[in-house]
Protein chains: 2
Amino acid sequence: MLSRNTVKYIQSLTHKKFRNSSSAFIAETPKVVEEFLNSSFRVEHIYATEHWQAPDKYDKELSHLPITIITQADLEKISQLKTPHDVLAVIRISDAQPPATVKGKISLALDGVQDPGNVGTIIRIADWFGVEDIFCSRETADAYNPKVVQATMGSLAHVRLHYTDLEKFLKTSDVEIIATTLNGSSLYDCAPLQEGILVIGNESAGISESILEVSQRQLTIPRRGKAESLNAAVAAAIFLSHLSG
Amino acid sequence: MLSRNTVKYIQSLTHKKFRNSSSAFIAETPKVVEEFLNSSFRVEHIYATEHWQAPDKYDKELSHLPITIITQADLEKISQLKTPHDVLAVIRISDAQPPATVKGKISLALDGVQDPGNVGTIIRIADWFGVEDIFCSRETADAYNPKVVQATMGSLAHVRLHYTDLEKFLKTSDVEIIATTLNGSSLYDCAPLQEGILVIGNESAGISESILEVSQRQLTIPRRGKAESLNAAVAAAIFLSHLSG
């Protein structure tokens, strides 16, 4: 049986403040937990019911990991899902330093993307297109929010997130900064890129003035119909599909 | 003051069964209602508080339209929004027949897309890329669901939706049918298309066997990273961006 303190600790990780002070977050379901086990993230503790089938290839690693077998009732106390599913892991937030260089590849920067659903979808899209690093302004929704973690469907385990002073970071970048805006030149006139950081802005305000100033280029998805705008994650997908080709 | 029957009627339009028997749906907020006023849809009745500013250019049309000025309390009774916003319209479901031909342009077909959020996002994306017709299997989520109407942000007023026996319709099509699948040839090897119907499948099952059989081509977005899949709406956006270029 789980102690009250453990339940309280795990529940506290639904709040950004406590995630930051503990440097930990939670991930759920066999599929998502497996992706983290198979990554450079450090899984600190696994809480599983007896129904959980630990993946064979992790048996060795798992023998070093604290695993607590709990009841379905206990899992329901700590789960954030409507239908808890066998396993919940407490995972250390990666303290990976931003890479010394992002030359030779395409990276993403999120400048105040505020909707957790958008951040989750963007992480999944980035993972699909092989983006390794996502740099986020401190105003960007927290990727370790349990809703975002589950929405990425395990992709959060494959990309590196860096919450940082975005303007300062981009200023010192050794690759081109490309701002996605509503009045840049056409994306379709731009050949696929070897390298660069693609900046996605806030859902309503777009990219902030100071970040536009450190950008070398502005690109736009030309509108052919009447819709007023595209969702931020949808726009990110179109840019990555075209530029990382 | 609204009669109990009127309130009951408008509330009934949140259910697909009653929308179908009444051939009507609701749209809310000044922005979305204005898009419908400015379209071929027939707006049947407008319920507005005295705060609603009817757009100037509709004054003439509006003089023929039944408008009922209601209180904020009445608006709250009939609204589906957390924060009702000045106006709600009851609009006739378009009974536009599928066009005789879809030659010379790109159209969409939805084969069992089940999530209302995805259908709403796809309508907005289609509108951005100038798609005029979307053909939906009867298993596809209903676009006149109030949540979908609002999610399209007015784009539902710009595209024609046709719920139909999709297999039968596609069989008689006079343009190429392109299925979006996980094991077709690469989208990036395909030049932009002059015409065709692009089929988007169900979120988990993909495109049904019978629809695959009437398709002339299968196209895939090649994966460059590790994510298992892309969201259906995100995939639709990438296909349309590339093919309708």
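Residues numbered from 1 in each chain as written. Chains lettered and ligands numbered in written order. Predicted model: local features only at pLDDT ≥ 70, side-chain atom pairs only at ≥ 80, totals over all residues. Heavy atoms only, no water.

## Section: the overall build of chain A
From N to C terminus, chain A includes ten helices and ten strands. Relative to the globule expectation of 18 Å for 245 residues, the C-alpha radius of gyration of chain A, 20 Å, shows essentially globular dimensions. Seen through its principal axes, chain A has C-alpha atoms that stretch 60 × 35 × 30 Å. Taken over 245 residues, chain A has a buried fraction of 52%. Considering only residue pairs separated by 6 or more positions, chain A has 75% of its internal contacts joining residues 24 or more positions apart. In the form shown here, chain A has an accessible surface area of approximately 11,500 Å², with 49% of it arising from carbon and sulfur atoms. Taken as two groups, the 24 positive and 29 negative side-chain charges of chain A have centres that lie 3 Å from each other. (Helix = DSSP H or I, 4+ residues; strand = E, 2+ residues; numbered from the N terminus. Rg over C-alpha atoms; globule rule 2.2 N^0.38 Å. Buried < 20%, exposed > 50% of the residue type's maximum accessible area, 1.4 Å probe, protein only. Contact = heavy atoms within 4.5 Å. Areas by Shrake-Rupley, 256 points an atom, 1.4 Å probe, with all protein chains shown as cover. Lys, Arg positive; Asp, Glu negative; His and termini not counted. Charge placed at Lys NZ, Arg CZ, Asp CG, Glu CD.)

## What about the packing of aromatic side chains?
Under the criterion given, the structure shown has ten aromatic pairs over all chains. Here the aromatic rings of Phe 25 of chain A and Tyr 144 of chain A are separated by 4.9 Å at their centres, their planes lie at 45°, and the arrangement is tilted. Of the two residues, Phe 25 of chain A sits in strand β1 (residues 24-28) while Tyr 144 of chain A sits in the loop between β6 (133-136) and α7 (146-151), which places them 119 residues apart along the sequence. Using a relative accessible area of 4% as the deciding quantity, one classes Tyr 144 of chain A as buried. For the ring pair Phe 25 of chain B and Phe 41 of chain B, a centre distance of 5.9 Å and an interplane angle of 80° mean the geometry is edge-to-face. In this pair, Phe 25 of chain B is assigned in strand β1 (residues 24-28) and Phe 41 of chain B in the loop between α3 (30-37) and β2 (43-48), connecting sequence segments 16 residues apart. (Phe/Tyr/Trp six-rings, centres within 6.5 Å; stacked < 30°, edge-to-face > 60°.)

## Observations regarding the interface of chain B and chain A
At the junction of the two partners, chain B supplies 29 residues and chain A supplies 29 residues. Taking both sides of the interface into account, the surface hidden between chain B and chain A amounts to around 2,700 Å²; carbon and sulfur atoms contribute 62%. The three residues of chain B that bury the most area against chain A are Arg 124, Trp 128 and Arg 224 of chain B, which together make up 29% of that side's buried surface. For the interface between chain B and chain A, the tally reads two salt bridges. (Buried area = accessible area lost by both parts, 1.4 Å probe. Salt bridge = Lys/Arg side-chain N within 4 Å of Asp/Glu carboxyl O.)

## Examining the side chain of His 45 of chain B
Residues and elements named next belong to chain B. When you line up the elements, His 45 lands in strand β2. A polar side-chain atom of His 45 sits 2.7 Å from a polar atom in the side chain of Thr 68. In contact with His 45, other than residues within four places in its own chain, are Pro 66, Ile 67, Thr 68, Leu 88, Ala 89 and Val 90. (Polar contact = N/O pair within 3.5 Å; in protein donor to acceptor, adjacent residues only side chain to side chain.)

## Observations concerning the nonpolar core
The nonpolar side chains of a soluble globular protein tend to be buried with one another. Among the nonpolar cores identified, the biggest contains 120 residues, and Phe 36, Ile 46 and Ile 134 of chain A together with Phe 36, Ile 46 and Ile 134 of chain B are the most heavily contacted of them. When near neighbours in sequence (up to four residues on either side) are disregarded, Phe 36 of chain A contacts Phe 25, Ala 27, Phe 41, Val 43, Ile 91, Val 149, Leu 156 and Ala 157 of chain A. (Core = buried A, V, L, I, M, F, W, Y, C linked by side-chain atoms within 4.5 Å.)

## Quick look at the domain arrangement of chain A
Residue and element names in this part refer to chain A. Segmentation of chain A into domains returns domain 1 (4-92) and domain 2 (106-243). Contacts between domain 1 and domain 2 engage 17 residues on the former and twelve residues on the latter. Note on domain 1 versus domain 2: buried area summed over both sides is about 1,100 Å², and carbon and sulfur give 64% of it. Along the contact surface separating domain 1 from domain 2 lie one salt bridge. (Domains from an automatic or database assignment.)

## Remarks on helix α1 (residues 4-12) of chain A
Considered for burial, the residues of α1 of chain A that qualify are Val 7, Ile 10 and Ser 12 of chain A. Buried-residue contacts for α1 of chain A involve α2 (16-22), β1, β2 (43-48), α5 (72-78) and β4 (87-92) of chain A.

## Description of the side chain of Glu 35 of chain B
Residue and element names in this part refer to chain B. Along the polypeptide, Glu 35 turns up in helix α3. Classification of Glu 35 as buried rests on a relative accessible area of 16%. Setting aside its immediate chain neighbours within four residues, Glu 35 contacts Gly 154, Ala 157 and His 158.

## Brief notes about the pairing of strand β7 (residues 160-163) of chain B
All names here are of chain B. As judged from the four bridges shared by strand β6 (residues 133-136) and β7, these two strands associate in the parallel manner. Across the sheet, residue Phe 135 finds its bridge partner in β7, namely His 162. Read as a crossover between parallel neighbours, the route from β6 over helix α7 (residues 146-151) to β7 is right-handed. (Pairing = 2+ DSSP bridges. Right-handed = clockwise from strand over helix to strand, strands pointing away.)

## Structural notes on the sheet that holds strand β3 (residues 67-69) of chain A
All names here are of chain A. Within the open sheet, the four strands sit side by side as β1-β4-β2-β3. Their pairing is mixed. Every other strand in the sheet has two partners, leaving β1 and β3 as the edge strands with one partner each. Strand-to-strand twist of the sheet, defined as the mean angle between neighbouring strand axes without regard to direction, takes the value 15°. The strands that helix α3 (residues 30-37) touches are β1, β2 and β4; relative to β1, the one it contacts most, it runs at about 130°. (Axes fitted to C-alpha atoms, helices over the stretch in contact; angles between N-to-C directions.)

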